[in-house]
Amino acid sequence: MTEEQTHTPTAVINTITQSVNDNDLTKLAAAAGKLTTRQLVSTLERLSARQRAVAYRLLPKQRALEVFDALQPALQGELVEALQDAEVAALFAELNPDDRVWLMDELPATVAQRLLRGLPERDRQLTAEVLGYPQDSIGRRASPEVVATHPELTAAETLRRLRLRVDDAETVYTLPVVDHERRVVGVVSLRDLIGAEDDVLIESLMQEAHTAVATEDAEIAARRCTDLELLALPVVDSESRLVGILTIDDAVRILQHEESEDVARQGGVEPLNRPYLATPVLTLVRSRVVWLLVLALGATLTVQVLSVFEATLAQLTVLALFVPLLIGTGGNTGNQAATTVTRALALDDVRPRDVVKVLTREMRVGALLGLMLGTLGFAITSVTYEMNVGLVIGLTLLAVCTVAATVGGIMPILARAIHVDPAVFSNPFISTFVDATGLVIYFLIARAVLGI
């Protein structure tokens, strides 16, 4: 391997991993110094908890702070438990208040409270304010460190105000404009401030403000921030008073977290909230076993249906050949509808009050899909077996697709209405439900058409 090849990011990452395994700390520190912060984070995510702590301890202080801030909260929590109290206190104090709350959510309550008590008075107060909001609210994810201005101030006065707070402000690119009771009346961009004459009033520069109420669901507020392509979204209380600000990078972080949860639950597992290679095997097992047990119990419904119609199957065994086709088609149809509506809910295209519209819409979609598949099933089965069997298959596909699409479409909306994650009622649950109901429909149609 040439010298140039040994300095590629991949080669350096491999060197770090090998150095940790060999306990060669000198070589490890030298290799880590060749990587960017992002590359270091990616490398640490691939190590075990013990290896990660060893590698992290060798980083220079400033680089360590940057890396810690970029790690996922779950990995930050593991590092906190592995480091000395003095190291942890320094790292915790350097985080922004909203980032501290992300981390505290991953820590045991006693550890979190100890870290909170160790903060300076102002930092402790700001962090406590963020902690006071509900678990999934945007107030808990917004930063209280925000620079605001007033309509009657000039551009020059606002810039001076900004320079005094630039070091501790969460963002300087969008400034909320507030009245003397701290109610948000608009926003002004740094670009407009810099381009304006010194004596121009903020009132003439400010634009309409899009805001989020602090108790609002974090995902909905983050979605609004990204959809409107805002650099920052002011967060207000119930009386429109400014309490914090949500930046675009935090909005993206929230959406990535929420979408990871949805994808996991649609696949029948609990979200890991950490990189795959940094997840212990037992954690992977726990994330899957509960859903497997639930789905296994649900599958007993299918067995019960088959046992009830055992006599029907005995009279015409050819019916058993089509069971996988029918329940598979029904499950797929329901999953398609559920995935589509769950996504529409996330984008706020659909709301719980639209349940009737979605029900009728998915019923029509399911019926049309069932008509097409049923016609094809009737034609093929009639040629292969006999027309009566083909008629049973065709009618069953029509009925099953209609029911599956309807159920799959309304389940996520009902889940949102009762404040449950719609993804929980998505693919695994619907597949189990449709399997059982599809078999009931199948055998009832077979009895009616074939007279058995």
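Thresholds applied
Residues numbered from 1 in each chain as written. Predicted model: local features only at pLDDT ≥ 70, side-chain atom pairs only at ≥ 80, totals over all residues. Heavy atoms only, no water. Phe/Tyr/Trp six-rings, centres within 6.5 Å; stacked < 30°, edge-to-face > 60°. Helix = DSSP H or I, 4+ residues; strand = E, 2+ residues; numbered from the N terminus. Lys NZ or Arg CZ within 6 Å of the ring centre and 35° of its normal. Core = buried A, V, L, I, M, F, W, Y, C linked by side-chain atoms within 4.5 Å. Buried < 20%, exposed > 50% of the residue type's maximum accessible area, 1.4 Å probe, protein only. Contact = heavy atoms within 4.5 Å. Arc of directions from axis to C-beta.

Enquirer: Before we go on, may I ask you to explain the packing of aromatic side chains in this structure?
Expert: Aromatic ring pairs are reported here in terms of the distance separating the ring centres and the angle at which the planes meet. Summed over the entire model, instances satisfying the criterion amount to 3 aromatic pairs. Each ring, one from Tyr 56 and one from Phe 68, has its centre 6.3 Å from the other, and the planes form 55°; the classification is tilted. A residue pair is termed long-range when its members are at least 10 positions apart, and Tyr 56 in helix α4 (residues 49-57) and Phe 68 in helix α5 (residues 61-70) qualify at 12 residues. Seen from their ring centres, Tyr 442 and Phe 443 are 5.2 Å apart, and the 35° between their planes marks the pair as tilted. The aromatic ring of Trp 102 is capped on one face by Arg 141, whose charged end is 3.9 Å from the ring centroid. Its guanidinium or amino end placed over the ring of Trp 102, Arg 253 lies 4.4 Å from that ring's centre, counting from NZ or CZ.

Enquirer: Whenever I open this one, the nonpolar core confuses me. Can you help?
Expert: The nonpolar side chains of a soluble globular protein tend to be buried with one another. Formed by 36 residues in total, the largest nonpolar core has its most connected members in Ile 16, Tyr 56, Val 67, Phe 68 and Val 80. Aside from chain neighbours lying at most four places away, what touches Ile 16 is Leu 28, Ala 31, Ala 32, Leu 35, Leu 40 and Thr 43. Counting 21 residues, the second largest nonpolar core, distinct from the first, contains Phe 309, Val 318, Val 389 and Tyr 442.

Enquirer: Honestly, helix α10 (residues 121-131) in this entry has me stumped. Any pointers?
Expert: Side chains three or four residues apart in an α-helix point the same way, a direct result of the helix having 3.6 residues per turn. Every buried residue of α10 is accounted for by Asp 123, Leu 126, Thr 127 and Val 130. Around the axis of α10, the buried residues are gathered within 95° of arc, so they sit on the same side. Buried-residue contacts for α10 involve α7 (85-94), α8 (97-104) and α9 (109-117).

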